[in-house]
Amino acid sequence: MFYKIAWVIRTFFYRLLFGSIGNFSYIGKPVFLYHPKGIFVGKKVRIYPGSRMETHQGGTIIFEEGISVGQNLHIVSGGKLVIGSNTTISANVLITNIDHGYELVDVHIMKQPIQVKDTIIGSNCFIGYGAAILPGTQLGKQCIVGSNSVVKGTFPDYSVITGAPAKIVKHYDSQLHEWVKGG
C-alpha cells in the first residue's frame, strides 16, 4: 500500500513534466521519459514500473481514461498515438508509430529519416504480454491481442488477434450474437 502512496506523490511532480496527468492516475518508477510534454494521461490511469515513454519531432501519446499498463511498457511516438479508454496492456509491450527509413544504402539506419504512421488502439482492448504494436496499426474497440503477437494493420471492433504477423482468429458476429472463428 505504501508504494501506491509514493506513486501518487511522484505523479504530482510528473504533472510538471507531462502535457497533462488526470486525477487518480499514477506512474511507477523507474520510468524513462523523453520529451514528456507530448504525453497526455487521462484519469485513473495506472502505469506500472519500468516504462519507457518517448515522443519525437512533436509526436504525442494520449492515454485516455481508466487504462492499466503492466511493467516495462516501451511506447514511442513521432506523430499521433492514442490508447483508448479502459484498455489493459500487459507487461513487456512495445507500441510505436515510428519506423526507421532504410532506403539510403550508404547511410546507417539510425541516421536515416524516421517514417511515421499514426497508431490508434480502441477502447476496452486487451494487449497480451510481449506484444508489439507497430506503426500504422488501427485496433477497433474491444480487440484482444494475444501474447507475443506482432500487430500491424487495421483490425475491426471485437477481434481476437494472434500471431507473428498477427491475424484475426475470432471475431464477434453481431447477427449471431456470438464469437466465431476466423476473420
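Here, residues in each chain are numbered from 1, in the same order as that chain's written sequence. Residues qualify for local features only when their pLDDT is at least 70, as the model is predicted, and side-chain atom pairs are given and counted only at 80 or more; totals for whole chains, interfaces and linings, by contrast, use all residues. Water and hydrogen atoms play no part in the side-chain values, which are based on all heavy atoms of the structure.

## Some words on the pairing of strand β7 (residues 60–63)
Here comes step 1: Partly exposed residues are those whose accessible area sits between 20% and 50% of the maximum for their type, while under 20% is buried and over 50% is exposed, using a 1.4 Å probe and protein chains only. Strands here are runs of E lasting at least two residues and helices are runs of H or I lasting at least four, both read from the DSSP assignment and numbered beginning at the N terminus. The side-chain alternation of β7 yields one buried face, formed by Ile 61 and Phe 63, and one unburied face, formed by Thr 60 and Ile 62.
Here comes step 2: One requirement defines pairing of two strands: DSSP has to find at least two bridges between them. Summarising the sheet, strand β4 (residues 39–41) and β7 pair through three bridges and their orientation is parallel. Within the sheet, the bridge partner assigned to Val 41 lies in β7 and is Phe 63.
Here comes step 3: The sheet contact formed by β7 and strand β10 (residues 80–83) spans four bridges and is parallel. Across the sheet, the residue bridging to Ile 62 is Val 82, located in β10.

## Section: helix α1 (residues 2–14)
Side chains of residues three or four places apart in an α-helix project in the same direction, reflecting 3.6 residues per turn.
Here comes step 1: By definition here, a helix of n residues has an expected span of 1.5 Å times n minus one. In this model, α1 (13 residues) spans 18 Å end to end at C-alpha, consistent with the 18 Å of a helix rising 1.5 Å per residue.
Here comes step 2: Taken together, the buried positions of α1 are Trp 7, Arg 10, Thr 11 and Tyr 14. The buried residues of α1 occupy one face: seen down the axis, they fall within an arc of 105°. Away from the buried face of α1 by more than 90 degrees, exposed residues Phe 2 and Phe 12 are located. Relevant arc is that of directions from the helix axis to the C-beta atoms, nothing else.

## Some remarks on the sheet that holds strand β9 (residues 74–77)
Strand-to-strand pairing in sheets goes through backbone hydrogen bonds, with the strands running parallel or antiparallel.
Here comes step 1: Across the sheet, six strands lie side by side as β3-β6-β9-β12-β17-β20; this open sheet has parallel pairing. A strand with exactly one partner marks an edge of an open sheet, and here the two such strands are β3 (31–34) and β20 (150–151).
Here comes step 2: When strand β17 (residues 132–133) meets β20, the two strands line up parallel, connected through two bridges. Along β20, the bridge assignment pairs Ile 133 with Val 151.

## Quick notes on the sheet that holds strand β22 (residues 159–163)
Here comes step 1: Taken together, the nine strands give an open sheet; going across it, the order is β2-β5-β8-β11-β16-β19-β22-β23-β24, and neighbouring strands pair in mixed fashion. On the outer flanks of this sheet lie β2 (26–27) and β24 (178–181), each paired with one strand and no other.

## Overview of the pairing of β22
Here comes step 1: Relative to β22, strand β19 (residues 144–145) is paired through two bridges, and the arrangement is parallel. Bridging from a neighbouring strand, Val 145 pairs with Ile 161 of β22.
Here comes step 2: As paired strands, β22 and strand β23 (residues 166–173) are joined by five bridges and run antiparallel to one another. Residue pairing in the sheet places Val 160 in a bridge with Lys 170 of β23.
Here comes step 3: Counted between consecutive antiparallel strands, the loop separating β22 from β23 contains two residues.

## Section: unusual backbone geometry
Here comes step 1: A cis amide bond, omega 5°, links Lys 29 with the succeeding residue Pro 30.
Here comes step 2: Positive phi, normally seen in glycine, also occurs at Asn 86, with a value near 60°.
Here comes step 3: The topology assignment puts Asn 86 in the loop between β10 and β11 (88–89).
Here comes step 4: Overall, the relative accessible area of 45% leaves Asn 86 in the partly exposed class.
Here comes step 5: Unlike most non-glycine residues, Gln 142 shows phi in positive territory, near 55°.
Here comes step 6: Of note, Gln 142 is situated in the loop between β18 (138–139) and β19.
Here comes step 7: On the accessibility criterion, Gln 142 (32% relative accessible area) is partly exposed.

## A short note on the side chain of Gln 112
Here comes step 1: With respect to the secondary-structure elements, Gln 112 resides in the loop between β13 (98–100) and β14 (114–116).
Here comes step 2: At a separation of 3.2 Å, a polar atom in the side chain of Gln 112 contacts the main-chain amide nitrogen of Glu 103.
Here comes step 3: Residues adjacent in sequence count toward polar contacts only when both atoms are side-chain atoms; beyond that, a polar contact is any pair of N or O atoms within 3.5 Å, and within protein one must be able to donate a hydrogen and the other to accept it. Reaching out from Gln 112, the side chain makes a polar contact with the backbone oxygen of Leu 104 at a distance of 2.8 Å.
Here comes step 4: Those residues in contact with Gln 112 that lie beyond four places of it in its chain are Gly 101, Tyr 102, Glu 103, Leu 104 and Val 107. Note on contacts: a residue pair is in contact if any heavy atoms of the two residues lie within 4.5 Å.

Note that every value here comes from positions in space, so none of it alone points to a role or purpose.
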